[in-house]
Amino acid sequence: MKRFGSIFLSFLFYLHIFGQSFSGGVGDGFSATTFEVSLGVTPYFLGGIGDGFDMNSVFSSAPNYYLGGIGDGFDLDSIMNQGPTYYLGSSGDGFALSDLMVSFECMSIQNNKWTGAGDGVSWDDINNWEGSIPTLCDDVIIDKPTDTVSVPNGFIAKAHSVKVDGALHISNLANLFIDMDSSTVDNGLYALGGRIYNFGLVNIRDISSGNIVRAGVRVNNGFFVNHGNIEISNLLGAASTGIYTQSNGVFHNRSSGIVGITDVNNSIGYAIRNRSIIENEGTISINQSNTSLGHAAIFNQSKLVNSGSIHLKQVNFGIDNTDSLFNSGIIHVQNILVEPAINLNSSLGDPYFQNLPSGQISIGHSADFAINNLNQSSFLNEGNIFIDSVQTDGLQNFQSTFTNQGLIDIKNIKGNGILSNSTFTNSGSITIDSTEESGIQTNFNGFFKNDGGNIYINNSGMNVAGFNVQDSLFSSGHIEIKDINGPCFYFFTSKQINNEGSLHCENFIGHGIQLDNTRFKNSGNINIYADPLKPFDFYFEVGLGSVFDNSQTLNIGVKNP
């Protein structure tokens, strides 16, 4: 059925391109349903006799008038004419469906080189090519660095693949359709030292590769500037990639640009892999449609700058960053099925993630960590981070550095809101609500510094602390914990706890503050208020081996009803 879809699509493309008027025949026509499925749009065709169309319902703004007729209506050579010719149907003078199948069924894939011998510019000028105007059976090669090839307004260019070492300009109302046909072609649209400018629509599908890296769009020592739409679908090979940059290649999605990647079904590939530079000012959407993605939707191994919006939905793994990522726009990650939503790991680089003051990151429904900061990575948040509904910990900081100068909001977490065993500094605002484990837990070597910031923790799990410190804590800001089903603060560490700000504990079970083998120095304010309707053991327990040095205020009492 796939091949019929390609045949019908190709035929109707010809009708649309040349603006001719045809009289349809009986029995050998092309259905509107097939056209809808192939192109992904919803035209409105009313059928006449056989394959005819009602003239008032087809492309009302274009001179395409299709009338139901008797017989086949026109021969294959006539379709290729470029003039606005009108063909009347009569018995026996047209082509049969089998003729069309032979013509558009790719018996073999062949190279078709740009010569520029025609007008030197237009894709639709047959004299500019070694062969005919490219079809879905052609691997197009543009290897004249000084030439600019233009796909003109209203034209639908087709190819099996396109390699550019020169310049390719896709005009505002033009389309470039590439069907890689699940074959062994390496890349669909390849800027190899060339320049590609898209103002129209680029549609690439059926990328298959086995275990060899192949891409829908690859940029290598060139650049791709997108002002229009790019649609990439059916990444079927194990190592297939939607967009791949490498070796000084630049992919720049401008503010009007829209990139959509769907149906990624690979085990070791990516929707986007960046080994050079990607700049996004527009919109990038990656949607798995419940298929399988073995690795990250976005794998950043170099520099990625986002000032637009990135939307990832229904993916196994969100963003894997092993180098530099700068966000001043929106990153929205929803329904992460297996791995973290955002992962930083130094195993392959020197990861740095900066969420700038205008940046917003929202993560919902992740099966693993929402943010995983690992192994000498560095994360700086100056903007807003929202995390909701995570099956493990909301944010993990492991042998790395996390600095919050903005806002972090975490809620509905099956594990800890924040789990850290290395340096975590907060000078912004952190709110954590509804966790099954602690709101914040620091393990060995987990130095937590609340440097003038505000921390609010509510509704942690049963018999766990709101703030569980097993290393050192310094706070010159405000930490407030309420409605806890365990102690507000639990300190179990041989290292120093220093409070120069304010600690507020209200409505707890067990202990307000519990010290085990801990040295606690308070030069700020501590307020502990129990709920008379909830069981509690101690407001403040200084356990065995602990020291409490208080030089400021300690308020203890029952919460007013």
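Everything numeric here is computed off the predicted structure, so don't read it as measured data.

(A) Focus on the overall build of the protein chain. Within the protein chain, the secondary structure is distributed over 4 helices and 55 strands. Per-residue burial for the protein chain yields a buried fraction of 56% across its 561 residues. Long-range contacts, defined as pairs at least 24 residues apart, comprise 62% of the intrachain contacts of the protein chain with a sequence gap of at least 6. As displayed, the protein chain has an accessible area near 21,300 Å², and 50% of this comes from carbon and sulfur atoms.

(B) Region of interest: the confidence of the model for the protein chain. Taken over all residues, the pLDDT of the protein chain has a mean of 81, while the share at 70 or more is 78%. Note that residues 1-104 has pLDDT below 50 and, in this model, 196 contacts with residues that lie over four places away or in other chains.

(C) Structural context of the pattern of salt bridges. Enumeration according to the criterion identifies 7 salt bridges in this entry. Between Asp179 and Arg205 there is a salt bridge, with the nearest N and O atoms lying 3.3 Å from each other. Of the two residues, Asp179 sits in strand 10 (residues 175-179) while Arg205 sits in strand 13 (residues 201-207), which places them 26 residues apart along the sequence. Taken individually, Asp179 and Arg205 each receive the classification buried, so the pair is uniform in this respect. A salt bridge links Glu480 to Lys482; the nearest nitrogen and oxygen atoms lie 3.5 Å apart.

(D) Structural context of the pairing of strand 34 (residues 384-390). As paired elements, strand 31 (residues 360-366) and strand 34 share 6 bridges and run parallel to each other. Counted as the bridge partner of Ser362 is Phe386 from strand 34. Bridge analysis of strand 34 against strand 37 (residues 407-413) gives 6 bridges, and the strand direction is parallel. Bridging across to strand 37, Asn384 finds its partner in Leu407.

(E) Seen up close, the pairing of strand 16 (residues 229-235). In the sheet, strand 13 pairs with strand 16 via 6 bridges, with the strands oriented parallel. Residue pairing across strands places Val202 opposite Ile230, the latter belonging to strand 16. Two strands pair when backbone bridges link them, and strand 16 and strand 19 (residues 258-264) are joined in this way by 6 bridges, in the parallel orientation. When the bridges of strand 19 are listed, Ser233 appears paired with Thr262.

(F) Here's a closer look at the environment of Leu136. Take Leu136: it is sitting in the loop between strand 4 (110-113) and strand 5 (138-142). Relative accessible area serves as the criterion here: at 10%, Leu136 is assigned to the buried category. Spatially, the C-alpha atom of Leu136 lies 9.0 Å from that of Ala157, the residues being 21 residues apart in sequence.

(G) Representation of the packing of aromatic side chains. For the structure shown, the criterion picks out 18 aromatic pairs. Centre to centre, the rings of Phe224 and Phe251 are 5.3 Å apart; their planes meet at 45 degrees, and the pair counts as tilted. Of the two residues, Phe224 is situated in strand 15 (residues 223-226) and Phe251 in strand 18 (residues 250-253); the sequence distance between them amounts to 27 residues.

(H) Seen up close, the state of the cysteines. Under the criterion given, the structure shown has 1 disulfide. The disulfide partner of Cys488 is Cys505, and the S-S distance across this bridge is 2.1 Å. Taking the torsion about the sulfur-sulfur bond, which here is approximately 75 degrees, the covalent link between Cys488 and Cys505 counts as right-handed. Highlighted residues: Cys488 in the loop between strand 46 (478-482) and strand 47 (489-492) and Cys505 in strand 49 (residues 502-506), separated in sequence by 17 residues. On the accessibility criterion, Cys488 (0% relative accessible area) is buried. Under the relative-accessibility criterion, Cys505 is labelled buried at 0%.

(I) Structural context of the side chain of Ser377. One can find Ser377 in the loop between strand 32 (371-374) and strand 33 (378-381). For Ser377, the side chain forms a polar contact with the main-chain oxygen of Leu374, separated by 2.4 Å.

(J) Fine view of the nonpolar core. The biggest cluster of nonpolar side chains holds 98 residues, and the ones touching the most others in it are Trp123, Leu168, Leu189 and Phe467. With near-sequence residues (within four places) excluded, Leu168 lies in contact with Trp123, Ile142, Val149, Val151, Val162, Leu176, Leu189, Arg195, Ile196 and Tyr197.

(K) Structural detail: unusual backbone geometry. Of note in the backbone geometry, Ser389 takes a positive phi value of approximately 65 degrees without being a glycine. Turning to its location among the elements, Ser389 is positioned in strand 34. With phi around 50 degrees, Gln399 is a residue other than glycine that occupies positive phi space. Structurally, Gln399 is set in the loop between strand 35 (395-398) and strand 36 (401-404).

(L) Structural view of the environment of Asn321. Position of Asn321 relative to the elements: it lies in strand 26 (residues 319-321). Along the primary structure Asn321 and Ile342 are separated by 21 residues, whereas in three dimensions their C-alpha atoms are 7.6 Å apart. Setting aside anything within four residues of it in sequence, one finds Asn321 in contact with Asn300, Asn343, Leu344, Asn345, Pro351, Tyr352 and Phe353. Within the structure, Asn321 has its side chain in polar contact with the side chain of Asn300 (distance 2.7 Å).

(M) Quick look at the environment of Glu436. Its place among the elements puts Glu436 in the loop between strand 40 (429-435) and strand 41 (440-442). Relative accessible area serves as the criterion here: at 45%, Glu436 is assigned to the partly exposed category. Separated by 23 residues in the primary sequence, Glu436 and Asn459 have C-alpha atoms spaced 8.5 Å apart. Aside from chain neighbours lying at most four places away, what touches Glu436 is Ile413, Lys414, Gly415, Gly461 and Val464. Reaching out from Glu436, the side chain makes a polar contact with the side chain of Lys414 at a distance of 3.3 Å.

Criteria and cut-off values
Residues numbered from 1 in each chain as written. Predicted model: local features only at pLDDT ≥ 70, side-chain atom pairs only at ≥ 80, totals over all residues. Heavy atoms only, no water. Helix = DSSP H or I, 4+ residues; strand = E, 2+ residues; numbered from the N terminus. Buried < 20%, exposed > 50% of the residue type's maximum accessible area, 1.4 Å probe, protein only. Contact = heavy atoms within 4.5 Å. Areas by Shrake-Rupley, 256 points an atom, 1.4 Å probe, with all protein chains shown as cover. pLDDT = per-residue confidence, 0-100. Salt bridge = Lys/Arg side-chain N within 4 Å of Asp/Glu carboxyl O. Pairing = 2+ DSSP bridges. Phe/Tyr/Trp six-rings, centres within 6.5 Å; stacked < 30°, edge-to-face > 60°. Disulfide = S-S within 2.5 Å. Polar contact = N/O pair within 3.5 Å; in protein donor to acceptor, adjacent residues only side chain to side chain. Core = buried A, V, L, I, M, F, W, Y, C linked by side-chain atoms within 4.5 Å.

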